[in-house]
Structure formats: C-alpha cells, structure tokens
Amino acid sequence: MGTLLHTYKHMPCITFNRVFAFIYTWAILALIYHHLLTLHHSTTVISVVTTTSLLISDLILAFAWAATNSVRIRPILRKAYPENLEKVIKPKDFPHIDIFICTADPYKEPPMNVVNTALSLLSYDYPPEKLSVYVSDDGGSELTLFAFMEAAKFAKIWLPFCRENNIMDRCPEVYFSSNYHGSVELEILEEIKMMYESMKIRVENVVERVEVCHHYITDESQHQAFNKFRKPGFTRANHPTIIQVLIEGAKEEDNKGQLMPNLVYLSREKIQKSRHNFKAGALNCLLRVSSVMTNAPIVLTQDCDMYSNDPQTPKMALCYISDPLAQPNLGYVQFPQRYHGINKNDIYGGEFLRLFIANPVGGNGLQDPHYVGTGCFFLRRAFFGGPTSVVPPEIQELRPDHVVEKPITAQPIIDLAHHVARCDYENNTKWGFQLGFRYGSLVEDYFTGYKMHCEGWESIFCHPSRPAFLGDVPITFIDAVSQTKRWAIGLLEVFFSKHMPLIFGTQYMGFLTGLCYAHNTFWPIWSLPITIYSFIPQIAFLNGVCIFPKVTDPWFLLYVFLFLGAYMQDCYDFVIFGSTYKRWWNDQRMWLIKGLSPFLFAFVEYTIKHLGIATQGFNVTSKVQDDEQSKRYEQGLMEFGVHSPMFVPFTTASIVNLFALIIGIIRMLTLWSFKTSFMQLFIAGFGVLNSWPIYEAMVIRSDKGQMATKTIVISFCWAFVLCGATSLIL
C-alpha cells in the first residue's frame, strides 16, 4: 500500500504478537495472584519482606513488558522510492534544507571527525544551492573553526569529484580507507587523496599544538576571525558570539563552476552565570540564526560523529514530506541511528536495536516514531506550535514562513544573527518551552519529539536497506555506561515532571502512544527489580531460605513460561530485524548490568540534584579511540581499565551469585533437595553465566583493560558484608 513515492506493509508477526500478549497478560495476572496468596499466608517478617520485594519487582517488570509490547501491536515497514521523486517534483522546486551539526569539545570530538561529517552532508545528491550547513561549536574553539576553514577549501574539490563519479561513500575518511573506488582514474584518486591527507595533517597538527599557528593564517579575514578567540578573558564558558560564513553558496563556485552549499560556523555567546541549556540550547540558537540567514522549510539535525552514508537520503525524506496526504500533520521523518565498527557480537549492546529500529518500526503503526537526536528531517513549522495552532516568535524574522531576501553576508543579516545568538536572548520568551527544542531534560531529543506528538504532530520512521547515517560507538565500558546514565537522568526528569507520559501523554496522544513514551522513561526504574533479583534470591539461598515454588509445584511452570516467553520473544525481535543470537545475548547481559550500574546511579544523582546538592552535570562522550582499546574491542573483550563507583554494584552481584552457586551446589548434593532449591540455583547460575566477562576481567586477563584492583577489593568487601549481615538476620 502507498503511492508512487513510498509504500508500507504490516509485518507478518502482528497476529503472533497480539495472541502472545493476550496469553502472557493472563500469566502475569496469575503470578501477581500467587504473590498475593503467598503474602497472605506469610507468618514471618522475612517471608513478608521477600514476598513483598518480589511482588514489587514483578509489578515493575510487568509494566515494562506491557510498555514494550505497545510497539509490537502494529509494526509497519516503510519504503521510499527517491528515483521517482523527479516525476512528481522538479529539482528546481525542491525545498531548501538547513542542516545542523553540534560539537562541544575538540578533544573528545576531534575536529577531523566533525569535518568528515560535514563534508558528507555538503555533498548530498541534492541541488547544492538549496543546502546550508550550520556548525554549532559549543566549545568555542579556534581549532574547530580552523578545521572548517580547511574543509571549506577542500569542499570545492570534493563535491564535484563525488558528483561526477557518483560516489556513494561521501565521507572522505571512509572513502579513502575503503578498497572500492569504482571507475575513478588512479591518478585523480591519488591527487585528491593527497589533498585530503594534507588537510588532515594540518588540522591534527593544530589540535596537537592547541593553537592555530601564524603560518596557517593566510589572509586578513582569517587573522580577524582568530583574533576573536584571543581576546583577554575568552574561555569556552565565557565568550561573545562568533559567526563566520565560510562558504556563501550564492557567490562561490566549486572547481567545476557549480554553485556551492552555504557553510556557517557558529559559537553562541556564553556567560558563566547564564543558563545555556546544553545541546537543546545550542540547537535553538542554530534554529534562530538559520531563520535569520536562510530559513529553509526543512531542518536536518545531525550528531557530529554521524556521517552521511547515502547521498540520496534527503530525497528519501522528501518522498514523505512532499506527500499531500501526510503534509498537514507531519512533523518529522526519522532515520535510524546505525553504527560502523561494532565488533562481531556487539559486547556493549551499542547497536541499541530496540531503541533505534524495532521500537520505531512499531511506532510507525501509531504514527509516533520518537526523535532520537540525529538523522531527523523536521518541518521547521513543527517548532512553532501544533499543526492547527501557531505559536508566533517574538520577531517577524524568526517566523517559519518568513522569506529571507538579503544575502547571508549582508550586514543587517549578520547583526541580527548575532543578536538572536546572545545568551540572554531567550529571557522572557517561549523558547525551549513552546518554541523550538524543549528544555527540562538532558534527553532533549526524546522530550522534544514527545512534546511535538502531544501538540498533534505525527512522524514517520524511514529505514532503508543501506543505512542513511553511520556513527561511532563507545568502545570502553566506562563510556558506554556513562552515556546511558546521562540518558537515564534525562528520562527521570521527564518521568517525575508534570509531563509524565502515562498521565500527560495519554491525555493528548492516547493510551498506546503514551505507553510507548512511558516505555523509555521507565528505563531507570528497571534498576529496582534487577537489584532485587541480583541479590535477594541468592542471599536467601546462602542462608537456606527457599522463596520460590518447588519443581513439582504447578506454580513452577508459570515461572518457566514467563521467563522463557519474555526471553524468546525478545530474541525473536532481534532475529527478524537482522541481528544475531549472540548480539541478543550480549544485549540482554548489558541490560542486566545497566540495571545495577548507570540506571541505579542515575537514580542517586537525580535524587541528589533535587535535594539541591551540586552534581557532575553534562559530559560529552569521548569519540577518541585508543589503538590498544580498539584492538581489545575487536577481540570481544570488555574494557574496564579504570576504577569507577559504577562498576562496584554489578561486580558485587557477580561475586554474590558465584558464592550462591558454588555453596548451593555443595549443599544441594549433601543436604538439600534439588526440587526445593532449583529456581534459586538457576537464578544464581544465570547470574554467573552473564557475569563471565566480569570474572575474566577480575582474574584471567592481564592487559590494561582488566578490572581495577580497587574495584575488585571494594566489591569483595561489599559481598562479604551483604552475605555476613544477612546471615545474622536470617
């Protein structure tokens, strides 16, 4: 079903999902009844405490399962046909597109990586005069500006080269690193590669020196630009607005005589005592500056480490945006986050298959795929109120229907752009609350998409066979869990706000859509049942207390069905979306670890923050990769290396589970009945199986990625304290 430009089909698993959900729901209700029955017949404090803990855990897990299944009710696969686009719209009538790239730290986000992303977007197979790329440098670094000055020069050679040779990999680093170069003449290839490598050397040399040397500054305009960074008192947290038009598309041509896209560098004003609202603030500044300079009706937001992998991507988005049936309420078209360089079995679960593919496919059926921060084509109008209720900005030049008639380098345009980039511009305005990207959560992407859907906008998830964008994944454990903790804190900010999806969301979007959004905000709550099941059954087992039904008890079969049903359905989701069993296994292991690490610590940090105690704040995930770390990652070894408090809970759990399994087996062979203790023995064994990489890092490995001695000692102490203290109580 569909049109000339796009089609869709329902996935064949819909009937199975619905039937299974019906059966599984009754099984959950039976389990809750069993817990209540056990609680009613409890005669000791220990029995009441353990049964209540398991009841609470299973209620949370039941809700998490229900929320997950909201996206399994009506999954839809869509396909776009960009080759048909020109049959419907002439290229001269293609809408303009403004592209936003955000970077914040030249040391954690190397400028050459950001440059490669920008060059891949500048070289889209799209009329170049209709593209504008805006780079937000929240680090206020002359190193980033220098890198983009170099990129602007190289773009005049790279863009026509890609166009004439129909290059698919338009990220220079990826193209020159590959072995396939099509029919390109070797001499031309070597010449352009040499130019790229020369640019790369200059940029990396500047980053290494931490300054732009005078011999790299070739004219007076560059000298004036870099002088702005060298004024007394200039720091990344305290500096004026810097706007530099690096390519003015209307006036500049590439080396083949064709017009170029616009390329604009922006570092918004920062004053230390002023709120800057992290990435959401940077995006809103880009939204206003671009409104003043180009005001394209379509806006693409892109992470600095996510390069374009398909030059046809804007045309794919246009296949949906130009559909008259979708136009009235369509707010954005989201492409999935996909990654290159993931090791064979994805040891950290960095693919996030559920979040970036399975859930959005399910969301297609409800017209609510979530905004995930990158690879998203917005209708600019969606930032200014609902489809039927426009929220006007404070000045005419920021309206989505405003027509820019002056060149982007005209002085009135530059002056106004500086004005709307001031750090105090948003004071007493609706920006961040009713206009633009939304404030109030560290996960500005999730919150922005959520509020747009509440206002009545719809969205579409486009999942082409060739990934539209590819990015980097964390290759160390500390980066992986730190990133997740940041997301979890942001989700808690939404969960405990007046915008809670189960109440506010269902009121405006309906129950199923509200449940879809609640699925994400519920992530951090996952830490409670995981913590309970990681310790209570094992500690009870060590002290001879049985808390689950015997193997011969009919209730035992209910537990077997619930466990196998949930796990097999989850594995099935991975398989139908093209992943593997081993990746699924590592993903479920990481979810268990996250419940004991970033989700747990996110709860603590969120609570501390709301008690008025200062917390660490926002940290940029490092995109710099060490060669030795990369090698171990490719080998499938988890990279611990440093000590972190976040490593202690799951290391402690792995020790307790190992104690329980060993002592339990010994006792079972000599004293206990297998039928009585099987379930607790199984849970301990399951914990041990999932903890193998942790034991390996603690005992077997001797490389730099092994578990820090401090972490091991602290975890053993906690394990002994927990087991010892409970033995006195029990």
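Residues numbered from 1 in each chain as written. Predicted model: local features only at pLDDT ≥ 70, side-chain atom pairs only at ≥ 80, totals over all residues. Heavy atoms only, no water.

Counting 187 residues, the largest nonpolar core has Trp158, Val289, Phe377 and Phe477 as the members making the most contacts within it. Among the elements that take part in this core, helix 5 (residues 142–165) stands out by supplying 14 residues, more than any other. Apart from the residues within four sequence positions on either side, Phe477 is in contact with Tyr348, Met590, Ile593, Met638, Glu639, Phe640, Phe647 and Phe650. Counting residues in each nonpolar core, the second largest holds 22 residues, with Leu54, Ala540, Phe556 and Leu562 among its members. (Core = buried A, V, L, I, M, F, W, Y, C linked by side-chain atoms within 4.5 Å. Buried < 20%, exposed > 50% of the residue type's maximum accessible area, 1.4 Å probe, protein only. Helix = DSSP H or I, 4+ residues; strand = E, 2+ residues; numbered from the N terminus. Contact = heavy atoms within 4.5 Å.)

On to the sheet that holds strand 10 (residues 338–339), then. Pairing is mixed across the open sheet formed by three strands, whose spatial order is 8-15-10. Where the open sheet ends on each side, the last strands, each with one partner, are strand 8 (307–308) and strand 10. Here two bridges tie strand 10 to strand 15 (residues 469–471), and the two strands are oriented parallel to one another. Counterpart to Tyr339 in the pairing with strand 15 is Gly471. (Pairing = 2+ DSSP bridges.)

Moving on: the sheet that holds strand 14 (residues 458–461). Spatially, the eight strands line up as an open sheet ordered 5-6-4-3-7-11-9-14, and their pairing is mixed. Where the open sheet ends on each side, the last strands, each with one partner, are strand 5 (242–247) and strand 14. In this sheet, adjacent strand axes meet at a mean angle of 20° when their direction is disregarded. Taken together, the five bridges between strand 5 and strand 6 (residues 262–267) define a ladder with antiparallel strand orientation. Residue pairing in the sheet places Ile242 in a bridge with Ser267 of strand 6. (Axes fitted to C-alpha atoms, helices over the stretch in contact; angles between N-to-C directions.)

Attention shifts here to the packing of helix 4 (residues 111–122) against helix 5. One can describe the packing of helix 4 onto helix 5 by two numbers: an axis separation of 9 Å at closest approach and a directional angle of 35°. Every pair of crossing elements has a handedness; the one defined by helix 4 and helix 5 is right-handed. Residue-level inspection shows Pro111, Val114, Val115, Ala118, Leu119 and Leu122 of helix 4 in contact with helix 5, the latter providing Leu143, Thr144, Ala147, Phe148, Ala151, Phe154, Ala155, Trp158 and Leu159. (Left-handed = near helix turned anticlockwise from the far one by under 90°.)

Our focus in this paragraph is the pattern of salt bridges. Applying the stated criterion to the full structure yields 30 salt bridges. In this structure, Arg268 and Asp138 form a salt bridge, with 2.8 Å as the shortest nitrogen-oxygen distance. With Arg268 in the loop between strand 6 and helix 9 (278–293) and Asp138 in the loop between strand 4 (131–137) and helix 5, the pair connects residues that are 130 residues apart, well separated along the chain. Each member of the pair, Arg268 as well as Asp138, carries the same accessibility label: buried. A salt bridge links Arg701 to Asp703, with the shortest nitrogen-to-oxygen separation between them at 3.0 Å. You can call Asp703 partly exposed: its relative accessible area is 23%. The network of salt bridges with common partners includes Glu628, Arg632, Glu639, Arg701 and Asp703. (Salt bridge = Lys/Arg side-chain N within 4 Å of Asp/Glu carboxyl O.)

What follows deals with the state of the cysteines. What the rule picks out here adds up to zero disulfides. Of all cysteine sulfurs, the one in Cys516 lies closest to Cys454, which takes part in no disulfide; the gap is 12 Å. The exposure class assigned to Cys454 is buried, which follows from its relative accessible area of 9%. We note that Cys546 lacks a disulfide partner, and the nearest cysteine sulfur, in Cys723, lies 17 Å from it. Using a relative accessible area of 36% as the deciding quantity, one classes Cys546 as partly exposed. (Disulfide = S-S within 2.5 Å.)

In terms of residue burial, strand 4 counts as a mostly covered element, since seven of its seven residues are buried. Residue alternation in strand 4 divides its side chains into two sets, Leu131, Val133, Val135 and Asp137 and Ser132, Tyr134 and Ser136, and both sets are buried. Direction of pairing for strand 3 (residues 97–103) relative to strand 4: parallel, over a ladder of seven bridges. Considered in strand 4, the bridge of Ile99 is made with Val133. Chirality of the crossover, the property in question, places the unit of strand 3, helix 4 and strand 4 among those that are right-handed. Alignment of strand 4 against strand 6, held across five bridges, turns out to be parallel. Considered in strand 6, the bridge of Ser132 is made with Asn262. (Right-handed = clockwise from strand over helix to strand, strands pointing away.)

That's the geometry; what it means functionally is another story.
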